[in-house]
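Structural overview
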Amino acid sequence: MRKDIIVNSNPHEIRVGILEDGELVEMLIERADAKRIVGNIYMGKVSSVKPGLQAAFVDIGLERAGFLHASDLVHEDPEDDDDVDGPAPRGRSRSTREVPDIGKTLKVGDHVLVQVTKEPISSKGPRLTADISLPGRFLVHMPKGRHVGVSRKIEDRHERARLKQILSDSKPEEGAFIIRTAAEGGEEMAIRNDVRYLSDLWRGISESVDTSEAPSLVHEDVGMVVGLIRDIFKEDVNELVIDDKDDYERLLKYVKIFAPDLRQRIRLYRESQAMFDRYGIEQELRKSTENRVWLKKGGYIIIEQTEAMVSVDVNTGRFTGKRNQEDTITETNLYAAKEVARQLRLRDIGGIIVVDFIDMESEANKKRVERELTTALKRDRARTKVFPISKLGLIEMSRQRVRPSLTSFLSDDCPYCKGTGKVLSLATLANRVEREVHRVFHRTGEKVVQIRCNPMLAMHLLREKAEQIEELCEEHGMSIDILDDPALHRESFQVVSLRTDRDLLREIDRQDGAAGDGRPRGRGNRRKPVSATTSGSRGAASPSASPKRAPQPERVKERLAESAAEKPAAREQAPRERAPREAEPRETEPRRADDEAGGIVGSPRGRTRAGRRRGRRGGRGRRPGEGEQSNQESGGGGDDAS
């Protein structure tokens with residue numbers, strides 16, 4: 001298998017793509033304003049102790065306090081070094097450790113030396129440990145221990161014995177060391193140099209602790225590029241390509257000291273084409289935020305990330321197979337098993353993962369799929385644990401999570417739907433509007449009201465719900481005007497009195513003690529809409545512009561019919577010259593509703609295109625009566641006036 005490392009570096013961002021047989025399997029990104037902190041050592045100050053959680057929160061100078069569990073106060077002699085990002089993994093589970101009483105060990109205000117083992121994720125602060133570990137190229141040094149270990153990935157018994165003997169002869173009396181997989185076949189002198197380097201590094205950190213105040217940074221781990229050489233750039237890498245000359249020379253100096261035999265594998269990219277485009281990484285990176293991933297022969301998987309877990313669903317898609325259904329399903333599941341392992345690495349997905357494979361009848365086929373997934377995950381640098389496939393065709397697994405996933409790093413939640421990917425349907429909102437109008441009438445007795453809502457909802461009310469609005473007017477003897485306001489969220493609407501310009505729904509909600517302070521009448525009151533009285537907001541007038549007299553009740557369907565009949569006649573008239581107008585503020589936000597509805601989204605009072613456009617230029621929606629006045633001035637030629 002060919003393995004290449006592609007490094008795209010600039011002053012603002014460093015991106016590292018790892019290719020296996022030309023396929024992107026891992027992506028690392030570090031930005032100048034958001035550098036990774038895993039491996040950094042801080043002098044922290046205990047801000048709170050939670051005996052019920054057996055944990056303490058430690059201020060290390062970041063935005064959020066770090067989480068320190070009691071089990072991370074004691075040293076464990078690990079048996080593996082798979083965690084190449086800094087601190088070594090713990091050998092036993094938390095339940096089997098001798099955990100000290102956090103309330104007796106730490107007090108608020110105590111100073112404690114801690115190391116970051118997990119980046120801040122979502123609303124959680126960084127995960128900390130007091131069991132410091134320092135990774136080198138061939139070794140991991142843990143100052144609190146006395147253990148000498150060899151990585152499990154080194155399987156040759158004679159090589160394990162040789163390396164352990166070298167380390168036992170060269171290590172100092174204090175401190176534990178673990179030999180990493182990169183040391184397999186390494187020279188004795190290189191291992192001894194690594195022991196000396198890590199021992200000197202800890203000695204310098206210890207001296208800095210004596211003069212450090214809390215909270216403060218005591219030791220910063222190497223940058224991502226150098227850490228890449230230390231943790232990933234090994235004998236199995238065919239080539240490392242980098243496009244920044246300064247970083248290229250820096251890598252050559254580092255490799256010359258720690259791995260001179262790999263110097264010839266580093267190459268400076270000099271082509272004019274963007275390097276990530278040249279290797280097909282940019283396209284794969286864009287696809288990494290999509291939830292659907294296509295497989296060979298037409299199948300696909302759906303990846304859904306939630307707060308609790310990640311679910312992966314496997315589908316045959318366009319793949320129909322050639323023999324029988326069982327073979328088709330098994331082949332699709334085998335392709336999916338490989339792709340799931342790749343996507344977990346590429347997207348850096350951690351935590352609990354459930355893969356829903358297509359149901360198979362044969363137990364042998366189930367075992368094949370399970371083995372395929374386990375084999376593919378062996379290439380993953382993060383620790384994983386896979387459980388047997390269930391009777392429902394589900395595989396439960398866990399993957400080590402050190403930092404936020406790639407999707408979380410590259411994207412934000414949609415500000416419109418708040419990350420749900422869903423908004424209430426127009427039919428649901430229209431029915432809600434009708435219920436709220438009923439509620440307003442019975443609570444206030446108001447008969448002349450205006451519904452202010454998003455243009456899409458306004459268009460739906462006028463086109464699809466005109467009959468219901470007419471019936472509502474007849475039932476209560478009301479006059480209902482509809483005003484479209486692009487500044488309002490799709491799920492927001494207001495019912496306003498045209499006599500007093502008061503938001504009637506807000507007043508009713510306040511009387512009932514509900515959260516009705518202008519928030520949308522939508523799912524969960526998620527978004528606070530722009531107030532109709534906000535200066536400069538489009539589609540809503542200020543109280544000072546309120547009409548002095550209320551409009552008379554009219555029939556919605558009659559006005560819509562009249563408006564439709566007037567349009568052809570207006571087009572036949574010759575265009576009139578308009579008087580010069582003063583400079584008015586231009587609208588910067590596109591009017592989606594105009595494009596979709598042909599520009600006719602208005603009120604039951606039959607607002608025309610000309611009236612709407614004058615209202616838009618003025619920075620607010622039209623009030624009842626203004627549209628008729630505009631038509632009289634322009635001779636009824638709504639389209640000509642534009």
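Reading the values: the criteria
Residues numbered from 1 in each chain as written. Predicted model: local features only at pLDDT ≥ 70, side-chain atom pairs only at ≥ 80, totals over all residues. Heavy atoms only, no water. Salt bridge = Lys/Arg side-chain N within 4 Å of Asp/Glu carboxyl O. Helix = DSSP H or I, 4+ residues; strand = E, 2+ residues; numbered from the N terminus. Buried < 20%, exposed > 50% of the residue type's maximum accessible area, 1.4 Å probe, protein only. Phe/Tyr/Trp six-rings, centres within 6.5 Å; stacked < 30°, edge-to-face > 60°. Lys NZ or Arg CZ within 6 Å of the ring centre and 35° of its normal. Pairing = 2+ DSSP bridges. Axes fitted to C-alpha atoms, helices over the stretch in contact; angles between N-to-C directions. Contact = heavy atoms within 4.5 Å.

Quick look at the pattern of salt bridges
For the coordinates displayed, the defined rule picks out 37 salt bridges. Notably, a salt bridge pairs Arg127 with Asp72, separated by 2.9 Å at the nearest N-O pair. Within this pair, whereas Arg127 is found in strand 8 (residues 127-129), its partner Asp72 is found in the loop between strand 6 (66-69) and helix 1 (102-105), the two being separated by 55 residues in sequence. A single salt-bridge network, built from bridges that share partners, covers Glu20, Glu26, Arg345, Arg379 and Arg381.

A few points about unusual backbone geometry
Going from Ala214 to Pro215, the amide bond is cis rather than trans, its omega being -5 degrees. Phi at Gln54 is positive, roughly 55 degrees, even though this residue is not glycine. Looking at the element boundaries, Gln54 is found in the loop between strand 4 (41-50) and strand 5 (55-59). The class for Gln54 is partly exposed, based on a relative accessible area of 22%. Here Lys297, not a glycine, exhibits a phi torsion of approximately 70 degrees, which is positive. Here Lys297 is to be found in the loop between strand 16 (292-294) and strand 17 (300-305). With a relative accessible area of 48%, Lys297 lands in the partly exposed category.

Describing the packing of aromatic side chains
Taken as a whole, this structure holds two aromatic pairs when the rule is applied. Look at Phe57 and Phe67: their rings are 5.7 Å apart centre to centre, the planes differ by 70 degrees, and that puts the pair in the edge-to-face class. Of this pair, Phe57 sits in strand 5 while Phe67 sits in strand 6, placing them ten residues apart in sequence. For the cation-ring pair, Arg292 lies above Tyr300, with the distance from its terminal atom to the ring centre recorded as 4.3 Å.

Regarding the sheet that holds strand 15 (residues 266-268)
Sheet architecture is open: five strands sit in the order 3-2-1-14-15, paired in mixed fashion. In this open sheet, the two edge strands, each paired with only one partner strand, are strand 3 (23-31) and strand 15. Adjacent strand axes in the sheet meet at a mean angle of 20 degrees when their direction is disregarded. For strand 1 (residues 3-9) and strand 14 (residues 239-242), the ladder comprises four bridges, and the chain directions are parallel. Residue pairing across strands places Ile6 opposite Val241, the latter belonging to strand 14. Docked against the sheet, helix 4 (residues 224-231) engages strand 1, strand 2 (13-20), strand 3 and strand 14, running at close to 25 degrees with respect to strand 2.

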